[in-house]
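Each chain is listed here by its residues.
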Protein chains: 4
Amino acid sequence: MAQPVRKIINDPVYGFITIDHPVIFQVIAHPYYQRLRRIHQMAFAHLVYPGAVHTRLHHSLGAYHLMCNALQELRNKGIEISAEEELGAKVAILLHDVGHGPFSHALENVLIKGVKHEDISLRIIRILNKEMNGQLDLAISIFTNQYHKPFLYQLISGQLDVDRMDYLSRDSFFTGVSEGVIGYDRILKMLTVHEGELMVEEKGIFSIEKFLVARRLMYWQVYLHKAVLSAEKMLVKVLERARELILRGETVPGASAALDLFLQSKEEETPIDKYLTEFCLLDDFDVMASIKNWMFHPDPVLSTLCEGLIDRRLLKVKLQAEPFDQQWVTEQRNRICQLKGIQEEDCHYLLFTGEAVNTTYNPVEEKINILFKDGTVKDISQVDNALISQTLSSPVKKYYICYLK
Amino acid sequence: MAQPVRKIINDPVYGFITIDHPVIFQVIAHPYYQRLRRIHQMAFAHLVYPGAVHTRLHHSLGAYHLMCNALQELRNKGIEISAEEELGAKVAILLHDVGHGPFSHALENVLIKGVKHEDISLRIIRILNKEMNGQLDLAISIFTNQYHKPFLYQLISGQLDVDRMDYLSRDSFFTGVSEGVIGYDRILKMLTVHEGELMVEEKGIFSIEKFLVARRLMYWQVYLHKAVLSAEKMLVKVLERARELILRGETVPGASAALDLFLQSKEEETPIDKYLTEFCLLDDFDVMASIKNWMFHPDPVLSTLCEGLIDRRLLKVKLQAEPFDQQWVTEQRNRICQLKGIQEEDCHYLLFTGEAVNTTYNPVEEKINILFKDGTVKDISQVDNALISQTLSSPVKKYYICYLK
Amino acid sequence: MAQPVRKIINDPVYGFITIDHPVIFQVIAHPYYQRLRRIHQMAFAHLVYPGAVHTRLHHSLGAYHLMCNALQELRNKGIEISAEEELGAKVAILLHDVGHGPFSHALENVLIKGVKHEDISLRIIRILNKEMNGQLDLAISIFTNQYHKPFLYQLISGQLDVDRMDYLSRDSFFTGVSEGVIGYDRILKMLTVHEGELMVEEKGIFSIEKFLVARRLMYWQVYLHKAVLSAEKMLVKVLERARELILRGETVPGASAALDLFLQSKEEETPIDKYLTEFCLLDDFDVMASIKNWMFHPDPVLSTLCEGLIDRRLLKVKLQAEPFDQQWVTEQRNRICQLKGIQEEDCHYLLFTGEAVNTTYNPVEEKINILFKDGTVKDISQVDNALISQTLSSPVKKYYICYLK
Amino acid sequence: MAQPVRKIINDPVYGFITIDHPVIFQVIAHPYYQRLRRIHQMAFAHLVYPGAVHTRLHHSLGAYHLMCNALQELRNKGIEISAEEELGAKVAILLHDVGHGPFSHALENVLIKGVKHEDISLRIIRILNKEMNGQLDLAISIFTNQYHKPFLYQLISGQLDVDRMDYLSRDSFFTGVSEGVIGYDRILKMLTVHEGELMVEEKGIFSIEKFLVARRLMYWQVYLHKAVLSAEKMLVKVLERARELILRGETVPGASAALDLFLQSKEEETPIDKYLTEFCLLDDFDVMASIKNWMFHPDPVLSTLCEGLIDRRLLKVKLQAEPFDQQWVTEQRNRICQLKGIQEEDCHYLLFTGEAVNTTYNPVEEKINILFKDGTVKDISQVDNALISQTLSSPVKKYYICYLK
């Protein structure tokens, strides 16, 4: 079948996204890619930011668009990038998240155990590559950082990759948190390559500072918003509870056969290779439809959590710098057991604590290299009068508690 | 429980939406309102415009915001609006769409038969009113146009109501079709009241023209985009097929008990009063989860349609000014029967035709009154040198065919 | 002197404008081009729209940017454009307005008589071409529509040229009249070339309709806003009065020698070739500084007009569909003569009438060709169900009167 | 004369600015206020950012708009503000910059010596107050911080005043430096009053951090851009040179009588009270028209500088952390003397050095108080895990040199 030669897609964030290569068309048209349309990028953030209902598919198209621009800019600066490398990098970014399961990060390691989404992405890309007769070989080589031009990998997965640039831009756009906006177009124009590595030109320093501060703001204000935290932890508890009931021999029917497979699975580590086809059927709809059904489940723990998620009656959250007073926690726990008529051993579903940690910039793990006009290279935290100094390199830890009111 | 006094909600379209009345808080917190969070505003438009995943809840919050602004502007012009009327109008607009079922307009009259969504909205508002001890009485009076100040009703349902203003603004925002943008803020500033009726000041004429042209553009370019049309018609066919199979005695399990109730119902007209509780459980997730399951149904018609919707392999669409050549249609039909091995009587699910009609401005049904400085009132189509002339008042009809390739 | 290889310019309208050719650098750096920095794009529109202070230089950079995009889009569609043609078209658009005098259109034919700004542009381009050793030959050939690929000329001067697209976009941006916004990026993507002529693809029809409606709105709401009209006509009267006084032998010193030259010139037609060097020194600052000085001129007519312009005490304007009642006009005239103690023969500076004419779309003079998929070409006014119909092709005429209150 | 009751002004930054009080109308209509229309907000920044041609008038209207919103928000939080206080604060912010001379900060202390623009503002407000029969009494009391509610003064002149909020928003908007954008609307919503002082609610911390980082970015990237620095220093040198020549007895005619008065003035400190009427005639046009004339002045130093400014051939700038090598500076100086045939004593006009200093946040001078839910108040630099730490409180100093190439 003849593919269209060129297509433009409206994107409220960037205007238009252009697709002009048959391999890209084929990848996008594949059901495995289309599945991303049914996975929210920001899980339950829409409970606080009603606009944040954008999808993984939209994000990966956006990251692809930024990749197109980044490669164009680098070429304009004289960096050699062949047509094959261009295609490889574009396919790799399009598919970088194809291994995400329902509710993305929120459910990571809950539904599928012991396998990271990046690993699943790679497995799926390899399947597509086989179907497409090896046309994705170079994409795989870049995606796994085995290609001899590391900057291509760094554009996909690094401190200044187009993945982060898109999700920060897109998440701030759809949440309406305009303060999270980053100057992605200027950052792209400031990128350069030095000895094969991705760098930022000296005059881009302030844009990078702003990027890091925006990320910091988005983390605390949006991703870790108390109600968002509550909803996403409740989701985890729902699935854990469902699993526990199943182990106990109770019936907890998932809304689809595919979801049932993963729910019933008793292995410590999900045998993902065996279940890959089913995995590629899973999306937010299986999980949400199940939760809706479980509102009527006889187990009060399960039904309470599910009702709370559906009707937006979330567990109350406190977030503070110090651990919580144990006595107060115990009192709350007793209150809840009585209120719901449940055993103490089940109470941890309706009252639980945890820690959230975030570092504004970690110069050890992260590396944003600034290339100065005289050819020297410095990490952004080492630049004179840097905003991003040691103070910001130590992680900030906060303690949270979620509990039924 | 004490409600918060004041809350702001981030909205990418308008910046911030403010809620500052306990009754509004109560309405928004109600599960019946929260359900709108799980209904897409634009059904399957996101298959073409990936950003168009916003929800009915978001739309109704946006319309509420415009209502707040409109009432403020009118008051600034000396039009008297009491605090009770303000609250009534705000509640009425918040709840104007609460009776929408899954996939909104796309499924109207398919899942629920013989009852319009406005009627269901009214039924639900009445239930809420009972729960809230009559606090919504005035809202109901405005919503049903029985209140003695017709402009309040016209702000909710009229040619220049805040419902349209929001959905045009919001749909163009989320699709990224910037050309559909209307100057809602200027239109609001041009609104006035004359003898109890909503009017537009003379100097707002060009803004109204632009509003009508934007609506025209959105209709043909977005709402009636060929792929969107195809998907939404396929959705209808899926449900019709499911019903037919059920009538024939086959098993077609819906993903939820609530959906099953409506699927199995054999009445010509859905007994909505009887089923209202179940209706308030229905949303896009029930329907989508069912479709995902039905991809594996033994019936080739049902599974073909469901697979097509999920994997975005849509029926091909042609749209033209004349009816289609009957012979060509017959050939296509025969081809499809053979291809899928189905009976001719079942073929209408995979090949069907229809008509789409739209009028840019109908001065008979629609009425946009312009108030001139000298006190005279004219319909916008009667203004000198009007853009919106007779030519645009006759409906444009197009014929479409959807068929399996 | 080595030119920088590549430079990006921040533009609030388009983000970034890129310059990457030494000839473009040279043209932009030339004092004749830099002069455009000192000419307002919208003359006195900023008296009503305070943001509308953008310059001719900014507009021509913007039009250049759109030209870059348009050529790129056309190339992507397989239309052959050589590097030389690209450069020629870019230079031609950059310089298309270089012959504008102070206050652009407002003063056209007042300060410089009998020569159109396009002719002056051409003269200046030829001078630059000589200085640059013929590097602008092809630009001149395109600018004068002598090049064998007419679409290049049509991109500079036609119904859908990048000049209009930029000024509509830019003017609506800087005035804040968001309703004048056109979908320039989508229009650019819809452009194509058929038999050497610029056309619009069928699916771009709605965008073009919106473009014409936005232009119509900008004309009546902004360019012909009553206060803007008043200020710009007062400016003309100021210069006419200054000239008249000079002819009578009175001293009316211009703020610069260059301006004096043109003020004192008594020819019916300005000998522009002789005065070209001086012309290239003229800008809004010469005129405004003179007006500021003339506030203190002994002639009451001149000082009244100048004070009015500087202190924003504008002549009152009426705008209506019918000519003004002559008797009422006479009464006003008498009142003003008495008020200011001036002769009746001088009164026409402080009370004058005129006509403003605008056509939404003139299918005879204008030609926007739509290219259908089947290869047929139709003018947009001939398309089925066109918004742009005969009604809109007849000019709208309005009568105005400006007079001292 | 009857004033209109209500007027809306289009503003590309905020949409619409509303004026609805006769005193505000009178202030805006006054020639002293209208003069701000002829003073660029950002002096010569438009040489680098062509969109940055907005005016002081536009800025002060914008600040007025933010004041309207801020007062509204505070009232919604229960802070008492009377109608008189509201009017006073609005007038005070409208007029806060009315004492700015041509080219604002760039020429501060050059044309008018020994008087700060705030002092001139106050003098002018007092004149207006007299003309308006004391209606501005309360505005003056607030403006001079003598009113008993300090938060009103702090909204006009403090770390989070609406002046800064507007100029950062407006400057980033018109330059197109989107990274300078601050979330002014959210900051406004986070403001509160505690014991009469302006504070920020706890949850506004990240917005304030972003505000400070945006300011830092704007400072180094825009306000201190090398070419902007060069142009503005050249402007100072032009005026100093003109003065010196005048002192030597040479003729250096200003383009207006008002400018001449200030140029010829030989006092150490300008007797501003004596010259106030003339001051209120001065604007950018007097200065620019003079510079244009002086391009032809026989003095090579003056003409070189003037030509450079007009034709955008700026002195070259270097900016670095260490002082410049004296020997290299001497070599350059000698080269320039020879090149231009000027005395060494005149060379400092064409080669000069200086220092630029900026502090991201100075917790001693600046005070941004955060009000915590428990009622405690902390400076933003004292908050846990603050971005704005000690490191950022020490000023950053850079050395610059400007010299003729």
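- By the naming in an unreviewed UniProt entry, chain A is HD/PDEase domain-containing protein, taken from Pseudobacter ginsenosidimutans.

**Structural notes on the overall build of chain A**
Turning to step 1, where the next piece is worked out: Check the secondary structure of chain A and you find 17 helices and 9 strands.
Turning to step 2, where the next piece is worked out: Whereas a compact globule of 405 residues would reach a radius of gyration of roughly 22 Å, chain A reaches 23 Å, a difference of no more than 12%.
Turning to step 3, where the next piece is worked out: Projecting the C-alpha coordinates of chain A onto the three principal axes gives extents of approximately 70 × 60 × 35 Å.
Turning to step 4, where the next piece is worked out: Across the 405 residues that make up chain A, the buried fraction comes to 50%.

**Here's the deal with the interface of chain C and chain D**
Turning to step 1, where the next piece is worked out: With 30 residues of chain C in contact, the opposing surface of chain D contributes 30 residues.
Turning to step 2, where the next piece is worked out: Taken together, the elements giving at least two residues each to the side of chain C that touches chain D come down to strand E1 (7–11), helix H2 (31–34), helix H3 (56–76), helix H9 (162–175) and helix H15 (284–294) of chain C.
Turning to step 3, where the next piece is worked out: Element by element, the count of residues in the side of chain C that touches chain D is highest for H15 of chain C, at 6 residues.
Turning to step 4, where the next piece is worked out: Classifying every residue of the side of chain C that touches chain D by side-chain character gives 15 nonpolar, 10 polar and 5 charged.

**Quick look at the relation of the copies chain C and chain D**
Turning to step 1, where the next piece is worked out: It takes a turn of 180° to lay chain C on chain D, together with a shift of 0.0 Å along the axis; the resulting RMSD is 0.0 Å. Put plainly, the chains are arranged around a two-fold axis.
Turning to step 2, where the next piece is worked out: The overlap is high: 100% of the interface residues of chain C also sit at the interface in chain D, so the same surface is used on both sides.

**What about the pairing of strand E3 (residues 191–194) of chain B?**
Residues and elements named next belong to chain B.
Turning to step 1, where the next piece is worked out: Pairing analysis gives 4 bridges linking E3 to strand E4 (residues 197–201), with the strands arranged antiparallel. If you follow His-194 over to E4, its bridge partner there is Glu-197.
Turning to step 2, where the next piece is worked out: Between E3 and E4, which pair antiparallel and follow one another directly, the connecting turn spans 2 residues, one of which, Glu-195, has a positive phi of 50°.

**Focus: the packing of helix H3 (residues 56–76) of chain B against helix H9 (residues 162–175) of chain B**
Relative orientation and spacing of two packed helices are given, respectively, by the angle between their axes and the distance between those axes.
All names here are of chain B.
Turning to step 1, where the next piece is worked out: The N-to-C vectors of H3 and H9 enclose an angle of 125°; their axes lie 8 Å apart at closest approach. With respect to each other, H3 and H9 are oriented oblique. You can see that H3 and H9 cross each other, and the crossing is right-handed. Where H3 approaches H9, its residues His-59, Gly-62, Ala-63, Leu-66, Met-67 and Ala-70 are matched on the opposing element by Val-162, Asp-163, Met-165, Asp-166, Tyr-167 and Arg-170.

**Quick notes on the relation of the copies chain A and chain B**
Turning to step 1, where the next piece is worked out: In the superposition of chain A on chain B (RMSD 0.1 Å, axial shift 0.0 Å), the rotation amounts to 180°.
Turning to step 2, where the next piece is worked out: In this assembly the copies share their binding face: 97% of the residues contributing to the interface of chain A also contribute to that of chain B.

**Remarks on the UniProt feature "domain: HD/PDEase" (unreviewed entry) in chain A**
Turning to step 1, where the next piece is worked out: Under the present numbering, the feature "domain: HD/PDEase" (unreviewed entry) in UniProt falls on residues 52–177 of chain A.
Turning to step 2, where the next piece is worked out: Counting secondary structure, residues 52–177 of chain A comes out at 63% helix and 0% strand; the distance between its end C-alpha atoms is 10 Å.

**Section: the sheet that holds strand E6 (residues 351–358) of chain C**
Residue and element names in this part refer to chain C.
Turning to step 1, where the next piece is worked out: Spatial ordering of the open sheet is given by E5-E9-E6, a layout of 3 strands whose pairing is antiparallel. Looking at the sheet topology across the chains shown, the edges are occupied by strand E5 (316–320) and E6. Taken over all neighbouring pairs, the strand axes of this sheet differ in orientation by 20° on average, direction set aside.
Turning to step 2, where the next piece is worked out: Where helix H12 (residues 226–247) meets the sheet, its contacts fall on E5 and strand E9 (396–403), and the angle it forms with E5 comes to roughly 120°.

**Here we look at the nonpolar core**
Turning to step 1, where the next piece is worked out: One finds Met-67 of chain A, Met-67 of chain B, Met-67 of chain C together with Met-67 of chain D to be the most contacted residues of the largest nonpolar core, which totals 503 residues.
Turning to step 2, where the next piece is worked out: Both of domain 1 (7–224 + 362–394) and domain 2 (242–357) of chain C provide at least three residues apiece to this core.
Turning to step 3, where the next piece is worked out: With sequence-adjacent residues up to four places away left out, Met-67 of chain B is seen in contact with Ala-89, Lys-90, Ile-93, Leu-155 and Val-162 of chain B.

**Here we look at the interface of chain A and chain B**
Turning to step 1, where the next piece is worked out: If you look at the interface, chain A gives 31 residues, while chain B gives 30 residues.
Turning to step 2, where the next piece is worked out: Elements that contribute at least two residues to the side of chain A that touches chain B include exactly strand E1 (7–11), helix H2 (31–34), helix H3 (56–76), helix H9 (162–175) and helix H15 (284–294) of chain A.
Turning to step 3, where the next piece is worked out: For the side of chain A that touches chain B, the element with the most residues is H15 of chain A, which contributes 6 residues.
Turning to step 4, where the next piece is worked out: Among the residues forming the side of chain A that touches chain B, the class breakdown is 15 nonpolar, 11 polar and 5 charged.

**A few points about the packing of helix H1 (residues 22–29) of chain A against helix H4 (residues 83–94) of chain A**
Residue and element names in this part refer to chain A.
Turning to step 1, where the next piece is worked out: Remark: H1 packs on H4, axes separated minimally by 10 Å, with the N-to-C direction vectors making an angle of 10°. Here H4 runs roughly parallel to H1, going by the angle between their axes. Contacts between H1 and H4 pair Val-23, Ile-24 and Val-27 from the former with Leu-87, Lys-90, Val-91 and Leu-94 from the latter.
Turning to step 2, where the next piece is worked out: Along the lines of polarity and charge, the residues of the contact of H1 with H4 split into 6 nonpolar, no polar and 1 charged.

**Quick look at helix H17 (residues 326–340) of chain A**
Note: α-helices contain 3.6 residues per turn, so residues at a spacing of three or four share the same orientation.
Turning to step 1, where the next piece is worked out: Taking 1.5 Å per residue as the helical rise, H17 of chain A with its 15 residues ought to reach 21 Å, and the 21 Å between its terminal C-alpha atoms agrees with that figure.
Turning to step 2, where the next piece is worked out: In the segment just after H17 of chain A, Gly-341 of chain A is the residue with positive phi, at about 60°.

**Structural notes on the pairing of E1 of chain A**
All names here are of chain A.
Turning to step 1, where the next piece is worked out: Direction of pairing for E1 relative to strand E2 (residues 15–19): antiparallel, over a ladder of 5 bridges. By the bridge assignment for E2, Lys-7 is matched with Ile-19.
Turning to step 2, where the next piece is worked out: Between E1 and E2, which pair antiparallel in sequence order, lie 3 residues.

**Let's talk about the sheet that holds strand E7 (residues 369–371) of chain C**
Residues and elements named next belong to chain C.
Turning to step 1, where the next piece is worked out: Strand order in the open sheet formed by 4 strands is E3-E4-E7-E8, with mixed pairing between adjacent strands. Single-partner strands in this sheet number two, and they are strand E3 (191–194) and strand E8 (377–379). Neighbouring strand axes in the sheet, compared pairwise and without regard to direction, differ in orientation by 50° on average.
Turning to step 2, where the next piece is worked out: Pairing of strand E4 (residues 197–201) with E7 involves 2 bridges; the strand directions are parallel. If you follow Val-200 over to E7, its bridge partner there is Ile-370.

**Notes on unusual backbone geometry**
Turning to step 1, where the next piece is worked out: Unlike most non-glycine residues, Glu-195 of chain A shows phi in positive territory, near 50°.
Turning to step 2, where the next piece is worked out: On the secondary structure map, Glu-195 of chain A appears in the loop between strand E3 (191–194) and strand E4 (197–201).
Turning to step 3, where the next piece is worked out: Even without being a glycine, Asn-133 of chain B presents a positive backbone phi close to 55°.
Turning to step 4, where the next piece is worked out: Checked against the element boundaries, Asn-133 of chain B lands in the loop between helix H6 (117–131) and helix H7 (137–143).
Turning to step 5, where the next piece is worked out: Using a count of 8 C-beta atoms within 10 Å as the deciding quantity, one classes Asn-133 of chain B as exposed.

Calculation criteria
- Residues numbered from 1 in each chain as written.
- Chains lettered and ligands numbered in written order.
- Predicted model: local features only at pLDDT ≥ 70, side-chain atom pairs only at ≥ 80, totals over all residues.
- Helix = DSSP H or I, 4+ residues; strand = E, 2+ residues; numbered from the N terminus.
- Rg over C-alpha atoms; globule rule 2.2 N^0.38 Å.
- Buried ≥ 20, exposed ≤ 12 C-beta atoms within 10 Å, placed from the backbone.
- Contact = placed C-beta atoms within 7 Å.
- Nonpolar A, V, L, I, M, F, W, Y, C, P; charged D, E, K, R; others polar.
- Least-squares fit on C-alpha atoms with pLDDT ≥ 70 in both.
- Pairing = 2+ DSSP bridges.
- Axes fitted to C-alpha atoms, helices over the stretch in contact; angles between N-to-C directions.
- Parallel < 35°, antiparallel > 145°, perpendicular 65-115°, else oblique.
- Left-handed = near helix turned anticlockwise from the far one by under 90°.
- UniProt positions renumbered as here; feature names shortened; annotations may be inferred.
- Core = buried A, V, L, I, M, F, W, Y, C linked by C-beta atoms within 7 Å.
- Domains from an automatic or database assignment.
- Expected span 1.5 Å × (residues − 1).

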